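Summary of the model geometry
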Amino acid sequence: ACQMVETSPRCLPNKPSCKDLRCPKGRPCRMVEGWPKCVANKPSCNDLRCPPATRCQTVETSPRCVPVIPSCHQVDCPKGTRCEMVETSPKCLPVSHPPLVCHILGRW
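Residues numbered from 1 in each chain as written. Predicted model: local features only at pLDDT ≥ 70, side-chain atom pairs only at ≥ 80, totals over all residues. Heavy atoms only, no water.

What about the overall build of the protein chain?
- Along the backbone of the protein chain there are zero helices and eight strands.
- Reading the helices (α) and strands (β) of the protein chain from amino to carboxyl end gives β-β-β-β-β-β-β-β.
- Residues classed as buried in the protein chain amount to 4% of the 108 residues present.
- For the protein chain, restricting intrachain contacts to residue pairs at least 6 apart in sequence, the fraction spanning at least 24 positions comes to 0%.
- When the accessible surface of the protein chain is summed, it comes to about 10,200 Å², and 56% of that surface belongs to carbon and sulfur atoms. (Helix = DSSP H or I, 4+ residues; strand = E, 2+ residues; numbered from the N terminus. Buried < 20%, exposed > 50% of the residue type's maximum accessible area, 1.4 Å probe, protein only. Contact = heavy atoms within 4.5 Å. Areas by Shrake-Rupley, 256 points an atom, 1.4 Å probe, with all protein chains shown as cover.)

Next comes the structure, spelled out in structure tokens:
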């Protein structure tokens, strides 16, 4: 590129930038000490697909699929039922009513 150096124009080499560098997918270009470099992308939970019954959680600095521990907190039971843990799974069970006992107080 042509630039004025002191009082006269000079041809100087273009300063390299990320526009001049093609990086492979998943390795973005970053300027490192004035030079464009393809760097490793820091993985996150957005990059990870977890199998069913697991969820992504960042452990130390890496995303990992960890098992979801089921509980009644994640369950919305229909009316007339309530959530109870049966072995290791939350289940909606009918609300049991105690038998009605009629007490006759006083005399007829």
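Some remarks on the UniProt feature "domain: Follistatin-like" (unreviewed entry) in the protein chain
- According to UniProt, the positions carrying the feature "domain: Follistatin-like" (unreviewed entry) are residues 17-39, 44-66 and 71-93.
- Across residues 17-39, helical content stands at 0% and strand content at 35%; the span's end C-alpha atoms are separated by 14 Å.
- Structurally, residues 71-93 comprises 0% helix and 48% strand, and the distance from its first C-alpha atom to its last is 14 Å. (UniProt positions renumbered as here; feature names shortened; annotations may be inferred.)

Some remarks on unusual backbone geometry
- A positive phi is found at Ala53, a non-glycine position, where the angle reads about 70 degrees.
- Inspection of the secondary structure puts Ala53 in the loop between β4 (35-38) and β5 (54-59).
- Accessibility expressed as a relative area gives 59% for Ala53, which makes it exposed.
- Positioned with a positive phi, Glu87 is a non-glycine residue whose angle comes to about 55 degrees.
- Here Glu87 is to be found in the loop between β7 (81-86) and β8 (89-94).
- Residue Glu87 is classed as exposed on the basis of its relative accessible area, which comes to 79%.

Remarks on the state of the cysteines
- All told, the structure shown has six disulfides when counted by the stated rule.
- Cys45 shares a disulfide with Cys56; S-S distance 2.0 Å. Between Cys45 and Cys56, the S-S dihedral sits near -80 degrees, and the bridge is therefore left-handed. Here Cys45, found in the loop between β4 and β5, pairs with Cys56, found in strand β5; they are 11 residues apart in sequence, far enough to count as distant.
- The disulfide partner of Cys72 is Cys83, and the S-S distance across this bridge is 2.0 Å. The sign of the S-S torsion, about -80 degrees, decides the handedness of the disulfide formed by Cys72 and Cys83: left-handed. One end of the pair, Cys72, is in the loop between β6 (62-67) and β7; the other, Cys83, is in strand β7, and 11 residues separate them in sequence.
- Along the protein chain, the cysteines that take part in disulfide bonds pair up as 1-3, 2-4, 5-7, 6-8, 9-11, 10-12, counted in sequence order. (Disulfide = S-S within 2.5 Å.)

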